[in-house]
Amino acid sequence: MARIHNFNAGPAALPLAVLERAQSEMLDYRGSGMSIMEHSHRGRTYDEVHRRAIALVRELLDVGDSYEVLLLQGGASLQFAMLPMNLVHDGRSADYIITGAWSEKAYQEAQRAHRRARIAADTGVDNVFSRVPKQEELQLDPDAAYVHFTSNNTIFGTQFHEFPDTGSVPLIADMSSDFFWRPFDINRFGLVYGGAQKNIGPSGLALVIIRKDLLETARKDLPSILQYGIHSSKNSLYNTPNSFGIYMMMCALEHLSELGGLDVIERRNQGKAELLYDAIDTSDDFYRCPVDTASRSTMNVVFRLPSEDLEQRFVAKALEKGLTGLKGHRSVGGIRASIYNAVERRSVEALLGFMDDFKKTA
Ligand SMILES: *Cc1c(COP(=O)(O)O)cnc(C)c1O
């Protein structure tokens, strides 16, 4: 079996143990004579998986009773639309912190939904985002329905290491490439959401954690499928859920829990990122990270080589050596190594070895 070193940005690497478990349970899930995919989503067997997945989210992130956990479809992108539709009303507007392509998309969707969205900060310079804003740069509307930000910018490789302070205005984060790699205080947030396909599962599944007071005041005159309230009142079983995706997320979270939880995985992730940034910073400018040091992401490490030609050769040669997913996002270029939870330290070490060799022969 040839498992490759996978640095994909998303969908991304899953732990081998999780894939092996899914394989072993595929044909006969716990003696039921069928796979979990073939079970009714209203039956006892699936219901246990569904509840266990939600319980693990609560356990790992220490989510209290004042929050609801929702498992939805449509990815993070549907949340870009559902947020303003549900939460911006009564003549208010919503504040958006722009730090890259995903936060721009979220902002644009808010404008489409109600045309009442404001930019509270924008760190772009000619469409390049090399940092996240400082607290004092935020121009916040004290009457905003919420403040939205992207806590890790998957494409530009920047990350908020401290979350914005928005006072009593609910803080909302797109955490697609940010949740479950370290502990964080959910009580700082009105709502967090993200697609599962970066750190905790396959694509086609979005996780939303919403504070109950926001659920109560959310709009109820929307199509049912778009209402947080409906999904919550049906425990995310309003319609047929992505049952296999939820099963895979359950397996990934169980695995994370067995490893020792978020404290343990945080240390591992910090260790991997340090290795890689050190290698870049000590390469005599052959490799160069375009991101401000204080904004560097622990999940997506972005770097450049002296020329685009060398970057293309780097990606091609890496693939020959069994390292994949290293091409930067098409809008940015360069190299990006995504080193989520499931990327092992030995994969990062293999990348460092390759970087060293490539530099010598370039
Ligand atoms: C990947 C990603 C998205 C897009 O997620 P979809 O599931 O494709 O909608 C949105 N935001 C961030 C920060 C991402 O990394």
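Q: It is not clear to me how the pattern of salt bridges should be interpreted in this structure. Could you clarify?
A: Oppositely charged side chains can pair when the atoms bearing their charge come close. Using the criterion set out here, one finds 17 salt bridges in the structure. The partner of R131 in a salt bridge is E137, with the nearest N and O atoms 2.8 Å apart. In this structure, D309 and R313 form a salt bridge, with 3.8 Å as the shortest nitrogen-oxygen distance. With D309 and R313 both in helix α9 (residues 308–320) and four residues apart, this pair spans about one turn of that helix. Of the residues examined, D309 reaches a relative accessible area of 45% and is grouped as partly exposed. For R313, a relative accessible area of 41% translates into the label partly exposed. Connected via shared salt-bridge partners are R21, E25, R30, R52 and E254.

Q: Explain the pairing of strand β15 (residues 335–338) here, please?
A: Remember that side chains alternate between the two faces of the sheet whenever the strand is regular. Where burial is concerned, the two faces of β15 agree: the one with I335 and A337 and the one with R336 and S338 are both buried. Taken together, the four bridges between strand β13 (residues 300–303) and β15 define a ladder with antiparallel strand orientation. Paired with V301 across the strands is A337, a residue of β15.

Q: Looking at this structure, I do not really get the packing of aromatic side chains. What am I missing?
A: Counted according to the given criterion, the structure contains 22 aromatic pairs. Between F286 and Y287, the ring centres sit 4.8 Å apart and the planes meet at 85°, which makes this aromatic pair edge-to-face. Side by side, F286 and Y287 carry an identical accessibility label, which is buried. On the numbers, 6.0 Å between centres and 90° between planes, the contact of F303 with F314 is edge-to-face. In this pair, F303 sits in strand β13 while F314 sits in helix α9, placing the two residues eleven residues apart along the sequence. Put simply, the rings of F286, Y287, F303, F314, F354 and F358 touch in pairs and so form one group of aromatic residues.

Q: Honestly, empty space enclosed by the protein in this entry has me stumped. Any pointers?
A: Space left empty within the atom packing is revealed by a probe, the size of a water molecule, rolled over the atoms. Overall, the coordinates contain one cavity of 30 Å³ or more when judged by the stated rule. Considered as a void within the structure, the largest cavity measures approximately 30 Å³ in volume. Lining the largest cavity, in full, are A22, E25, M26, Y29, S35, I36, F244 and Y247. Put simply, the parts of the chain that give the lining of the largest cavity at least two residues each are α1 (16–25) and α7 (243–259). Looking at the lining of the largest cavity, its residues break down into six nonpolar, one polar and one charged.

Cut-offs applied
- Residues numbered from 1 in each chain as written.
- Predicted model: local features only at pLDDT ≥ 70, side-chain atom pairs only at ≥ 80, totals over all residues.
- Heavy atoms only, no water.
- Salt bridge = Lys/Arg side-chain N within 4 Å of Asp/Glu carboxyl O.
- Helix = DSSP H or I, 4+ residues; strand = E, 2+ residues; numbered from the N terminus.
- Buried < 20%, exposed > 50% of the residue type's maximum accessible area, 1.4 Å probe, protein only.
- Pairing = 2+ DSSP bridges.
- Phe/Tyr/Trp six-rings, centres within 6.5 Å; stacked < 30°, edge-to-face > 60°.
- 1 Å grid on protein atoms, 1.4 Å probe; cavity = no way out; pocket = protein on both sides within 12 Å on 5 of 7 lines; lining within 4 Å.
- Points joined across faces, edges and corners; volume = space filled by probe spheres on them.
- Nonpolar A, V, L, I, M, F, W, Y, C, P; charged D, E, K, R; others polar.

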